[in-house]
Structures are given as structure tokens and as C-alpha cells.
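These are the residues of each chain, in order.
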Amino acid sequence: MVKDIQAEDLYQLKKTNKQVIVDVRSPQEFQEATIPGSINIPLFSDQERAEVGTIYKQQGPEAAKEKGLAIFSKKLPDFIGEFKKLDAPITVFCWRGGMRSKTAATVLGLMGIEANRLSGGIRAYREWTVDLLNHFDLKPKLLVLNGYTGNGKTILLERLAAKGYPVIDLEKIAGHRGSIFGHIGMTPANQRSFDYNLLEKLLDLEHQPYILIEGESKRIGKVMMPDWLDQIKEQSQQIFIHLPIEERIRNILDDYQPWLTPDQFMEAFQLIRRRLPTPVAKEIAQHLEEQDFSQAVELLLTYYYDSLYDYSTNYPKSQTTEIYANDIKEAEEQVEELLLKLQQVH
């Protein structure tokens, strides 16, 4: 018998046992957005799904079901074989909790493989996510790593997360670094994926005394963080990291590796060229053409990003902590000292 579970139960199942969540939608649907941690075992390929959809529109649901069954029956042994490799409880889902997930769960049951089915599919999960995000009651304090572009805030978050500190890396979830060059070398997330992963991180860390995040604009690439999170971030303690400009340039080059995609950097630069003094813009363009990226980055920091940052940050002294370091390692040590003091207070 197929057991239907609700969207709000799925997160708890994931945390309390080794639940395997299987998205049985097509690969393209899976790539666009899925429930965090899911794997994809599709009933139909992208082409097969399009074919069944066309028949549904032109001939009606019964003809579409017959075509779908004909396609699926040929791949049934391989489909079952993929599920037999899973050594854990299973929940399957599709778009609306309809025929695809019902068929998958029923067939699995006939083969002795028990599987839950997500009621309402990923559409219901999306509704649950949006509702919870809009009304989320954040208990931990936010500690915001801030500072000029290239000061290693993302590197610090990664290192602190690896040591077990409570971190939400908004840029990683967004698939974007938050600058005009921020998409290069990354896969930008859509709003659905961002919301799913952000909510899961918030739920994972809701019992921590604090959460470390990076100072970001409300919009990060293609996505927007919730209004309430942006407001709390702006009202929270800001930890400003200061590194020498040579270190900042090195961090940017290590992160972006512009020599791998020079054309993309030139293309992105054209979007901000008018905002720079004409001689400076011309010099940056020449450095980019010659692949002298260090000089280009230094000019971009001096004449664009640093002044932009000064304009956008204006916090009272009581809300800020300044950290001056010669490199990332030294900054990391100072941030950890700060966190240790905070833990002692609590």
C-alpha cells in the first residue's frame, strides 16, 4: 500500500532516518529545481515527456496515459533496478503528486520495495516552503561578515563551516557571487532552488545561538532573499574584514580565475564601463585584452567597487567590529577568537 506523506513531514523524515528522496520527473525538471538532497530516477526522458504532453493536448488524457504506459513498460526493469540499489527508506515525488509518482510507488510496491509518496508533489512542497519562509521566526542572532570586495569573506565562511561553525553561504545557495562578474564559473540558481536550500539551512541551524552569513545585497544574481532576512541582516552585528589590497587582488584572482573565461569578463565589464572615468575604463579594457588581470582588478577595486561599497555601508560603531589582518589565515584566527568570546558570554 502506498503511504502519502505531507510536505511538512518530509524534512523531519530526512533528519530522523536515511531517507532517500527520489524525483521521478524528467531530467530537465530535476535540473530546474528539486527538493534538496533528492536523486533523479525519471519515468520519462525529456523527449518522452514532451511527446506524452503533446498527445495529452491533442488527443486527451486517456491517449496520453496509454502512450505513457507503453513507454514506461519498456524501461520498467531498468527503473526497478535503480531503486533496488537504494538501501534506505524511499519517498518518491513528481510535479503534483499525480500519475508519475503514483505509478512509481505502485510498481515498486508490487516488486516488494516500499515507498512513500509526497502528497501534492513538489508543487505542495513549494507552497509549504514559501509559506514557512515568509513567516519564519529566526531565533539565532546573525553575525555578518562584511568588508571590501576581495577581503575573503566567502573563503572565511567556507573554512568556518568546515570547522563546524553555523554558516549560511548565501552566494553558494544562489550560485552567484553578487557582483557584475558573479555568475562567471558558477551555475546561477533560480528562486525556487534558492528558497528550498535556504529554508533547509535555516531549519538545520534554528537551535544555534548565532548564524554566520556574508553581507549581501537583497538581490544575489537572479534571486532575492526574503525581506525579513535582509532587514535582520542590516540590523545585526557587522564584522568588517580588512586585508591589504595585494591580498584582495590575489583572493579575487584565485576565486574567479579570469584567464579561463576572458571573453566573459570583458563582456561583463562592458555593463559597468560607463560608470567609470573614461581614461580608467580604457585602461581596464586594455588590461583585460592583454590578460593582465591583476592590474585590471586593482583598477576595478580602486575606481568602482570600493567607492560603491563605501556608499552602501553606513553602520553605527556599536554595530560594527573591525578586523585587520595581513592574510586570510590571520583573519580566520581573529574571527574565531571573536566567536569564542561570544560563546563564553552565552
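To keep things clear, this report deals only with the structure shown in the data block.

Conventions we followed
Residues numbered from 1 in each chain as written. Predicted model: local features only at pLDDT ≥ 70, side-chain atom pairs only at ≥ 80, totals over all residues. Heavy atoms only, no water. Helix = DSSP H or I, 4+ residues; strand = E, 2+ residues; numbered from the N terminus. Buried < 20%, exposed > 50% of the residue type's maximum accessible area, 1.4 Å probe, protein only. Contact = heavy atoms within 4.5 Å. Areas by Shrake-Rupley, 256 points an atom, 1.4 Å probe, with all protein chains shown as cover. Lys, Arg positive; Asp, Glu negative; His and termini not counted. Charge placed at Lys NZ, Arg CZ, Asp CG, Glu CD. Core = buried A, V, L, I, M, F, W, Y, C linked by side-chain atoms within 4.5 Å. Pairing = 2+ DSSP bridges. Axes fitted to C-alpha atoms, helices over the stretch in contact; angles between N-to-C directions. Parallel < 35°, antiparallel > 145°, perpendicular 65-115°, else oblique. Left-handed = near helix turned anticlockwise from the far one by under 90°. Nonpolar A, V, L, I, M, F, W, Y, C, P; charged D, E, K, R; others polar. 1 Å grid on protein atoms, 1.4 Å probe; cavity = no way out; pocket = protein on both sides within 12 Å on 5 of 7 lines; lining within 4 Å. Points joined across faces, edges and corners; volume = space filled by probe spheres on them. Salt bridge = Lys/Arg side-chain N within 4 Å of Asp/Glu carboxyl O.

Turning to the overall build of the chain, a few remarks are in order. A tally of regular secondary structure across the chain gives 15 helices and 11 strands. Viewed in the frame of its principal axes, the chain has a C-alpha envelope of about 65 × 55 × 30 Å. Relative to its 346 residues, the chain shows a buried fraction of 47%. Counting contacts in the chain only where the partners sit at least 6 residues apart, residues at least 24 apart contribute 73% of the total. Only carbon and sulfur atoms are counted for the fraction: they give 50% of the accessible area of the chain, which is about 18600 Å². Mean positive and mean negative side-chain charge positions of the chain (41 and 50 charges, respectively) differ by 6 Å.

Moving on, we get to the side chain of Asn-116. Its place among the elements puts Asn-116 in strand S5 (residues 115–118). Of the residues examined, Asn-116 reaches a relative accessible area of 16% and is grouped as buried. Not counting the four nearest positions on each side in its chain, Asn-116 is found in contact with Lys-3, Ile-5, Leu-13, Gln-19, Ile-90, Thr-91 and Val-92.

So, about the nonpolar core. Counting 36 residues, the largest nonpolar core has Tyr-125, Ile-168 and Leu-170 as its most contacted members. At the level of secondary structure, the elements contributing two or more residues to this core comprise helix H1 (7–16), helix H6 (121–134), strand S6 (141–147), helix H8 (170–174), helix H9 (191–204), strand S7 (210–214) and helix H10 (227–235). The greatest single-element share of this core, amounting to six residues, is contributed by H9. Leu-170 has contacts with Phe-194, Leu-198, Ile-213, Glu-214, Glu-216, Ile-220, Met-225 and Leu-229, leaving out every residue within four places of it along the chain. Counting residues in each nonpolar core, the second largest holds 25 residues, with Ile-184, Ile-249, Leu-276 and Leu-299 among its members.

On to the sheet that holds S6, then. Whenever strands of a sheet pair, they do so through backbone hydrogen bonds, lying parallel or antiparallel. Read from one edge to the other, the open sheet built from four strands follows the order S7-S6-S10-S11, with strand pairing classed as parallel. Either end of the sheet is taken by a strand with one partner, and the two such strands are S7 and strand S11 (320–324). Along the sheet, successive strands turn relative to each other by an average axial angle of 25°, direction set aside. Of the pairings in the sheet, the one linking S6 to strand S10 (residues 237–242) comprises five bridges and is parallel in character. Residue pairing in the sheet places Leu-145 in a bridge with Ile-239 of S10. Together, S6, S7 and S10 form the strand contacts of helix H7 (residues 153–162), whose direction differs from that of S7 by roughly 145°. Those strands touched by H10 are S6, S7 and S10, and its axis lies near 70° from that of S6.

Next up on the list: the packing of H1 against H9. The geometry of H1 relative to H9 is characterised by a closest axis approach of 12 Å and an angle of 60° between their N-to-C directions. By the angle class used here, H1 and H9 are oblique. For the crossing formed where H1 meets H9, the hand is right-handed. Across the interface between the two elements, Tyr-11, Lys-14 and Lys-15 from H1 touch Glu-200, Leu-203 and Asp-204 from H9. Classifying every residue of the contact of H1 with H9 gives two nonpolar, no polar and four charged.

Attention shifts here to empty space enclosed by the protein. In total, this model carries one cavity of 30 Å³ or more according to the counting rule given. Each pocket or cavity is described by its volume, and for the largest cavity that value is around 180 Å³. As for the largest cavity, its lining consists of 14 residues, and the residues nearest its centre are Phe-181, Ile-252, Phe-265, Val-297 and Leu-300. Where the lining of the largest cavity is concerned, the elements lending two or more residues are helix H11 (245–256) and helix H14 (293–312). Sort the elements by how many residues they give to the lining of the largest cavity and H14 lands first, with six residues. Split into classes, the residues belonging to the lining of the largest cavity amount to 12 nonpolar, two polar and no charged.

A few words now on unusual backbone geometry. One non-glycine residue, Gln-257, lies in the positive phi region at around 45°. In this fold, Gln-257 is placed in the loop between H11 and helix H12 (262–270). For Gln-257, a relative accessible area of 33% translates into the label partly exposed.

Another point: the sheet that holds strand S3 (residues 39–40). Read across the open sheet, the five strands follow the order S1-S5-S4-S2-S3; overall the sheet is parallel. Bordering the open sheet on either side are strand S1 (3–5) and S3, each of which pairs with just one other strand. When strand S4 (residues 90–93) meets S5, the two strands line up parallel, connected through three bridges. By the bridge assignment for S5, Ile-90 is matched with Ala-115.

To continue, consider the pattern of salt bridges. Inspection of the entire model under this criterion finds 22 salt bridges. The partner of Arg-159 in a salt bridge is Glu-332, and the shortest N-O contact between them spans 3.2 Å. Residue Arg-159 is located in helix H7, and its partner Glu-332 is located in helix H15 (residues 328–345); the two are separated by 173 residues in the primary sequence. Exposure remark for Arg-159: the relative accessible area of 35% places this residue in the partly exposed category. Among the charged side chains, a salt-bridge network with shared partners connects Arg-159, Lys-163, Glu-332 and Glu-336.

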